[in-house]
Each structure stands twice: as C-alpha cells, then as structure tokens.
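Breakdown of the fold
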Amino acid sequence: MAPPPDEDDAFAGALAAERLHNGRRLAWLRLLGISGFFVLTVVAGRVLDPTWSRSIALFAVHWLIAVGLFWLSYRRGALFRIAGLEVALVDVPMVFLLQYGMLNGVIADRGIAGFSAGLFLNLMAIAGLGLDPRATVATATR
C-alpha cells in the first residue's frame, strides 16, 4: 500500500505546474508586446519621424529572442522553471538599450525617461507573474 501523498509535495507540484504555465503565458505576452511595438516603430519611423528608425535593428534582435523564447516555452518547459527570470535577463536590458538609443540630448528626453520608468515598473509586474521571488528580485536589481 502506497503512503498517503504529502500535502507539501502536492503544493510543490501544483506550484511548479503553475510556474510552467505562467512561463508560457509570459512568453506569449512578450512576443505579442514586442511585435506590436516593433510594428509601431517601423511605421512611426517611415511615416512620422525618421529618428524612430534608429532602433529597428535592436528591435529585430529583441523580436527574434522573443520568438525563440516562445518556441522554447512550448518545446522545453523545463527551461521555464524560474518563470520570469527571462524578464530580468532579456527584457530589462533590451528595453534599456532601446530607450537609451532614443535619447537625443534635447528637452523631449524627459518624456522618454518618464515613459521608461513606466516600462520598467510594468516589467516588474510581469516578472511577478512568474510566482518566483528570485525572478522578481533579479528584475528589480538589474
């Protein structure tokens, strides 16, 4: 006769399954968000202001990374045991580089800086969806 299941094991299993599920959701959210902003950057660079075009190459790299993470999230779920850690390792540095590339040394840079603060706060919230405090701390200290 098998021993009764331990409640801690059941909780750990359910938490691991939820983290994996949330990792897949985060990968989908990342791909969707980056795709939208990538299209916005291309259109704005061609129609409104050519300075937006400066970040197209970096956006393309970020988009390719997002596609790769999305693909990995459905092919190899084990890599997403710490869901949200990729926010600290990929998204925060890429957003920093993209926003830094938009700075021109003019008065409008204050608006970019304020918008960047909102982006980083959103990235913190997204990292929290991974249900792992290590990912949240890693994102906050980047």
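Small disclaimer: the values here were computed from a predicted structure and weren't measured.

Once that is clear, we can look at the overall build of the protein. A tally of helices and strands in the protein yields five helices and zero strands. Starting at the N terminus and ending at the C terminus, the protein contains elements arranged as α-α-α-α-α. Within the protein, the fraction of its 142 residues that count as buried is 30%. Look at the contacts in the protein between residues 6 or more apart in sequence, and 71% of them connect residues 24 or more apart. Approximately 9,000 Å² of the protein is accessible, and the part contributed by carbon and sulfur atoms is 71%.

Below, the discussion takes up the pattern of salt bridges. In the structure shown here, the tally under the stated rule is two salt bridges. Residue Arg-30 pairs with Glu-86 through a salt bridge whose shortest N-O separation is 3.5 Å. One end of the pair, Arg-30, is in helix α1 (residues 7–47); the other, Glu-86, is in helix α3 (residues 85–102), and 56 residues separate them in sequence. This pair shows no difference in class: Arg-30 is buried, exactly as Glu-86 is. For Asp-91, the salt bridge is made with Arg-30, and the minimal N-O distance between the two is 2.8 Å. Of this pair, Asp-91 sits in helix α3 while Arg-30 sits in helix α1, and the two are 61 residues apart along the sequence. With a relative accessible area of 6%, Asp-91 lands in the buried category. Given a relative accessible area of 6%, Arg-30 falls into the buried group.

As a further point, take the packing of aromatic side chains. Taken as a whole, this structure holds three aromatic pairs when the rule is applied. Ring centres of Trp-28 and Phe-70 lie 5.4 Å apart, and the angle between their planes is 45°; on these two criteria the pair is classed as tilted. Of this pair, Trp-28 sits in helix α1 while Phe-70 sits in helix α2 (residues 56–75), and the two are 42 residues apart along the sequence. With relative accessibility at 47%, the residue Trp-28 sits in the partly exposed group. Of the residues examined, Phe-70 reaches a relative accessible area of 22% and is grouped as partly exposed. Aromatic side chains Phe-96 and Tyr-100 sit 5.7 Å apart centroid to centroid with 15° between the ring planes, which places their arrangement in the stacked category. Residue Phe-96 and its partner Tyr-100 are located together in helix α3, separated by four residues, close to a single helical turn. Look at Phe-96 and you get partly exposed, because its relative accessible area is 46%. Judged by its relative accessible area of 53%, Tyr-100 falls in the exposed class.

This brings us to the side chain of Asp-109. Topologically, Asp-109 is positioned in helix α4 (residues 109–128). The residues touching Asp-109, leaving out its near neighbours within four places in the chain, are Met-102, Leu-103 and Asn-104.

On the surface, a cluster of nonpolar side chains totalling about 380 Å² of accessible area is made up of Phe-37, Leu-40, Trp-52 and Phe-115. Topologically, Phe-115 is positioned in helix α4.

A few words on α2. Its 20 residues place the ends of α2 28 Å apart at the C-alpha level, agreeing with the 28 Å of an ideal helix rising 1.5 Å per residue. For α2, the set of buried residues is Phe-59, His-62, Ala-66, Leu-69 and Ser-73. For α2, the arc enclosing every buried residue in end-on projection is 80°, short of the 170-degree limit, so these residues lie on one face. Among the exposed residues of α2, those oriented more than 90 degrees off its buried face are Ala-57, Leu-64 and Arg-75.

Calculation criteria
Residues numbered from 1 in each chain as written. Predicted model: local features only at pLDDT ≥ 70, side-chain atom pairs only at ≥ 80, totals over all residues. Heavy atoms only, no water. Helix = DSSP H or I, 4+ residues; strand = E, 2+ residues; numbered from the N terminus. Buried < 20%, exposed > 50% of the residue type's maximum accessible area, 1.4 Å probe, protein only. Contact = heavy atoms within 4.5 Å. Areas by Shrake-Rupley, 256 points an atom, 1.4 Å probe, with all protein chains shown as cover. Salt bridge = Lys/Arg side-chain N within 4 Å of Asp/Glu carboxyl O. Phe/Tyr/Trp six-rings, centres within 6.5 Å; stacked < 30°, edge-to-face > 60°. Patch = residues over 30% accessible without salt bridge, like charges linked within 9 Å, V, L, I, M, F, W, Y side chains within 5 Å. Expected span 1.5 Å × (residues − 1). Arc of directions from axis to C-beta.

Scope: geometric values only; no functional claims are made or implied.
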